[in-house]
Structure formats: C-alpha cells, structure tokens
Amino acid sequence: EAQVTQNPRYLITVTGKKLTVTCSQNMNHEYMSWYRQDPGLGLRQIYYSMNVEVTDKGDVPEGYKVSRKEKRNFPLILESPSPNQTSLYFCASSFQGVETQYFGPGTRLLVL
Amino acid sequence: SQQGEEDPQALSIQEGENATMNCSYKTSINNLQWYRQNSGRGLVHLILIRSNEREKHSGRLRVTLDTSKKSSSLLITASRAADTASYFCATDATIQGAQKLVFGQGTRLTINP
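In this text the structure is predicted, and so the values were computed from the model without any measurement. (Residues numbered from 1 in each chain as written. Chains lettered and ligands numbered in written order. Predicted model: local features only at pLDDT ≥ 70, side-chain atom pairs only at ≥ 80, totals over all residues. Heavy atoms only, no water.)

> Where do I start with the overall build of chain A in this structure?
The helix and strand inventory of chain A stands at 0 helices and 11 strands. Across chain A, helices and strands are ordered from the amino to the carboxyl terminus as β-β-β-β-β-β-β-β-β-β-β. Its C-alpha radius of gyration of 13 Å places chain A within 12% of the 13 Å reference for a compact globule of 112 residues. Projecting the C-alpha coordinates of chain A onto the three principal axes gives extents of approximately 35 × 25 × 25 Å. By residue count, 49% of the 112 residues in chain A fall in the buried class. In chain A, the share of contacts with a sequence separation of at least 24, taken over all contacts with a separation of at least 6, comes to 53%. (Helix = DSSP H or I, 4+ residues; strand = E, 2+ residues; numbered from the N terminus. Rg over C-alpha atoms; globule rule 2.2 N^0.38 Å. Buried < 20%, exposed > 50% of the residue type's maximum accessible area, 1.4 Å probe, protein only. Contact = heavy atoms within 4.5 Å.)

Structure (structure tokens):
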C-alpha cells in the first residue's frame with residue numbers, strides 16, 4: 001500500500017531533551033516536507049527536500065533540523081525542544097515539487 | 001507572503017444539501033489544490049486544478065477557478081455525514097526563488113444528519 005508513515009504518533013517530552021520524528025514513504029517520491037499545524041495558524045512548512053541530500057528551509061525552520069540521506073526517509077530533529085514546539089506535525093511527499101501531496105497521519109507532540 | 005484564505009471559516013448544513021467553500025489568493029499561481037482533513041488526521045488530496053482550467057469534477061466534487069478574481073470554489077453535492085471535515089485550499093507560489101505550497105486556514109464543514 002502506498003503510504004507515508006510517521007513515528008511516533010504521540011510524544012510527550014520535556015524541554016531540552018533531543019527527539020527525532022521519523023518519516024518514510026514507499027512511493028519513490030523525490031519531494032518531501034514537514035509541516036506543523038497550530039490552531040489559528042493553519043499549516044506552516046518547516047523544511048522541505050527536493051531530493052536526496054537537498055534540503056531547504058520552509059517558513060518556520062527555527063529550532064528544527066532535517067536530513068535526507070535516503071530517498072524514502074526524511075527525519076525531523078528537535079535538538080532542544082521548547083514548549084512553543086508543542087504542535088501537530090505532518091510529513092508529506094510528492095513525485096515532484098508542489099504537486100499533489102501525500103500526507104502522513106501526523107505526530108502530536110507535547111513539550112513540557 | 002501569498003496566502004489562500006477560505007470562506008466561510010465554518011459551515012453547518014443538513015445531510016443531502018450542497019456545500020460550497022471559497023478560497024481567495026493573492027498572487028498568480030500554476031495550480032490550486034483542495035485537501036480534506038478529518039479531525040486530527042493527515043490531509044487527503046481531493047483535486048488539483050491548473051491555472052489554464054476553469055472547472056474540474058471528481059465524483060460529487062466540483063471545483064472552479066477564476067484566475068482574474070484570484071478565487072476558487074469547492075462544491076460538494078448531496079452531502080453526507082462522512083463529508084464532515086475541514087477543507088483546505090493550497091496554492092503554489094515561487095517565493096525567493098523556491099516553489100512553495102501555501103495552505104489556507106481551512107473551512108470546517110459539519111454535516112448534520
């Protein structure tokens with residue numbers, strides 16, 4: 001089944017404790033991206049990747065890191081999480097650029 | 001930066017009625033997309049309409065695009081309880097040399113049985 005998977009789906013952590021949210025797609029997509037969704041602010045792009053080893057900042061990259069060592073995986077790293085990073089995070093992928101996006105199920109993160 | 005804005009923010013109708021949601025944007029686009037999100041879940045792509053298209057259909061969905069008014073509408077006909085969800089429009093834009101997909105705030109649609 002073609003899909004985008006994210007893990008974990010739910011995470012409670014404390015300020016400053018490094019965490020990684022994994023994202024994997026099995027559709028051989030070139031383009032992958034991370035969004036966060038907050039009430040009243042909609043979906044905002046954090047980082048995106050046009051292909052392996054090619055990543056770039058989205059609209060709200062501060063406090064986040066990404067890597068794209070393999071085509072299928074695009075992990076999101078929070079080196080030192082803070083409470084303002086409490087949010088619902090989505091990974092998405094597409095064949096090419098900003099065409100039809102396939103979204104993962106979301107990761108709900110709470111930083112205490 | 002460019003933003004799609006949906007109208008209304010919330011819409012509540014009876015099952016069987018038609019639902020219309022609108023989206024406005026600010027700059028020229030190559031395509032406009034509509035997505036559906038069930039509560040707390042990932043977005044699901046519904047339809048993509050290109051800038052040289054005026055109307056597109058998919059099942060009970062009808063999307064129109066008016067590039068002169070920089071607006072689009074999503075019509076869901078014969079609504080069902082399962083259509084209850086939030087609906088987002090997304091427009092592509094080139095911002096500082098990079099192609100981005102910008103989402104609106106969404107319309108929360110409730111279908112009452």
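Moving on, there is more to tell.
> What should I look at first to understand the interface of chain A and chain B in this one?
How large an interface is tends to be reported as the accessible area lost when its parts come together. Listed as interface residues are 22 residues of chain A and, on the opposing side, 19 residues of chain B. Interface of chain A and chain B: buried area, both sides summed, is about 1600 Å²; carbon and sulfur atoms make up 51% of it. At the junction of chain A with chain B, the criterion picks out 2 salt bridges. A salt bridge links A:Asp59 to B:Lys100, with the nearest nitrogen and oxygen atoms 3.9 Å apart. Counting the contacts that link chain A with chain B gives 5 residue pairs in polar contact (both at pLDDT 80 or more). (Buried area = accessible area lost by both parts, 1.4 Å probe. Salt bridge = Lys/Arg side-chain N within 4 Å of Asp/Glu carboxyl O. Polar contact = N/O pair within 3.5 Å; in protein donor to acceptor, adjacent residues only side chain to side chain.)

> What exactly am I supposed to notice about the packing of aromatic side chains here?
Remark: the centre distance and the inter-plane angle together describe each pair of aromatic rings, the angle taken between the planes. Under the defined criterion, the tally for this structure stands at 8 aromatic pairs over all chains. Measuring from ring centre to ring centre gives 6.0 Å for A:Phe103 and B:Phe103, while their planes differ by 80 degrees; the resulting arrangement is edge-to-face. Of the two residues, A:Phe103 sits in strand 10 (residues 102-103) while B:Phe103 sits in strand 10 (residues 98-103), which places them in two different chains. By the burial criterion, A:Phe103 is buried, and B:Phe103 matches it. Look at B:Tyr35 and B:Phe103: their rings are 5.5 Å apart centre to centre, the planes differ by 55 degrees, and that puts the pair in the tilted class. With B:Tyr35 in strand 4 (residues 31-37) and B:Phe103 in strand 10, this pair connects stretches of sequence that are 68 residues apart. (Phe/Tyr/Trp six-rings, centres within 6.5 Å; stacked < 30°, edge-to-face > 60°.)

> Explanation requested: the pattern of salt bridges in the structure shown.
Opposite charge on two side chains allows them to pair when their charged atoms are near. Applying the stated rule across the entire model yields 9 salt bridges over all chains. A salt bridge links B:Glu55 to B:Arg62; the nearest nitrogen and oxygen atoms lie 3.2 Å apart. Two residues, B:Arg60 and B:Asp83, come together in a salt bridge whose shortest N-O distance is 2.9 Å. Remark: B:Asp83 occurs in the loop between strand 8 (71-76) and strand 9 (85-95) and B:Arg60 occurs in the loop between strand 6 (55-58) and strand 7 (61-66); sequence separation between them is 23 residues. Ionic contacts of the salt-bridge type, sharing partners, join the residues A:Lys18, A:Lys65 and A:Glu79 into one network.

> It is not clear to me how the nonpolar core should be interpreted in this structure. Could you clarify?
Most often, soluble globular proteins have nonpolar side chains that are buried together. Ranked by internal contacts, the top residues of the largest apolar core, which has 21 residues, are B:Leu32, B:Trp34, B:Leu74, B:Ile76, B:Tyr87 and B:Leu109. Mapped by element, the contributors of at least two residues to this core are strand 3 (19-24), strand 4, strand 5 (43-50), strand 7, strand 8, strand 9 and strand 11 (107-112) of chain B. In this structure B:Leu74 touches B:Ala19, B:Thr20, B:Met21, B:Trp34, B:Leu46, B:Leu61, B:Arg62, B:Val63 and B:Tyr87, once residues within four positions along its chain are discounted. Of all hydrophobic cores here, the second largest spans 19 residues; its members include A:Cys23, A:Met32, A:Phe74 and A:Leu109. (Core = buried A, V, L, I, M, F, W, Y, C linked by side-chain atoms within 4.5 Å.)

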